[in-house]
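Survey of secondary and tertiary structure
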Amino acid sequence: MMQKAMAMLDVPHSEAVQAVQQSLDAQVQAWNSGDLEKAMTFYWNSPEMLWISKAGVERGYQEVLDMFRTDFADPSLMGTYTYEPLHIEHLSPEAVFYVFRWKIEKDDAILMGGVSSQLWKKVEGRWVATSEHAS
């Protein structure tokens, strides 16, 4: 599903875009294996990391990690995460804007889902999501 959707996007496949796609895929793989800690390593570990949801704005990597630890204290509740790319924009050599439709399913039921936009930046040599708006 991800490959087909990407083929439909008119996006230059720059090294930055490819690196961000690989990072998001690795994050999803970590999530689907129940490894919340590893999945979180793809976010910017900074008090400036920004998380926006219908509940409001949360700032800080640790605060977001704590929120996820509370919501998914039992890894079996994490479900299976899938996504479909909708828009990718290479903003600069060190910034990529990524919009995708996502869902988390468990036992053939959708637990949650929506559309997310992420700003990925190259920080200290690696690509991390520095902000996310999930709706």
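Rules and cut-offs
- Residues numbered from 1 in each chain as written.
- Predicted model: local features only at pLDDT ≥ 70, side-chain atom pairs only at ≥ 80, totals over all residues.
- Heavy atoms only, no water.
- Phe/Tyr/Trp six-rings, centres within 6.5 Å; stacked < 30°, edge-to-face > 60°.
- Helix = DSSP H or I, 4+ residues; strand = E, 2+ residues; numbered from the N terminus.
- Buried < 20%, exposed > 50% of the residue type's maximum accessible area, 1.4 Å probe, protein only.
- 1 Å grid on protein atoms, 1.4 Å probe; cavity = no way out; pocket = protein on both sides within 12 Å on 5 of 7 lines; lining within 4 Å.
- Points joined across faces, edges and corners; volume = space filled by probe spheres on them.
- Nonpolar A, V, L, I, M, F, W, Y, C, P; charged D, E, K, R; others polar.
- Expected span 1.5 Å × (residues − 1).

1. So, the packing of aromatic side chains
- According to the stated counting rule, one finds ten aromatic pairs in the structure shown.
- Between Trp 31 and Phe 68 the ring centres are 6.1 Å apart and the planes differ by 75°, which places this aromatic pair in the edge-to-face class. Taken together, the positions of Trp 31 in helix 2 (residues 15-32) and Phe 68 in helix 4 (residues 61-71) put the pair 37 residues apart, joining distant regions of the chain. As far as burial versus exposure is concerned, Trp 31 and Phe 68 are alike and both buried.

2. Quick look at the side chain of Ser 131
- Mapped onto the elements, Ser 131 comes out in strand 6 (residues 126-134).
- Judged by its relative accessible area of 18%, Ser 131 falls in the buried class.

3. Overview of the layout of surface pockets
- There is about 580 Å³ of room inside the largest pocket.
- For the largest pocket, the lining is made up of 29 residues, of which Trp 51, Phe 68, Trp 102, Met 112 and Ala 134 are closest to its centre.
- Elements with a minimum of two residues in the lining of the largest pocket: helix 2, helix 3 (36-40), strand 1 (50-53), strand 2 (56-59), helix 4, strand 4 (95-106), strand 5 (109-123) and strand 6.
- Taken together, the residues of the lining of the largest pocket sort by class into 18 nonpolar, seven polar and four charged.

4. Thoughts on helix 2
- The terminal C-alpha atoms of helix 2, which comprises 18 residues, lie 26 Å apart, in line with the 26 Å expected from a rise of 1.5 Å per residue.
- Restricting attention to buried positions, one finds in helix 2 the residues Ala 16, Val 17, Ala 19, Val 20, Gln 21, Ser 23, Leu 24, Gln 27, Val 28, Ala 30 and Trp 31.
- Just past helix 2, the residue Gly 34 takes up positive phi, approximately 80°.

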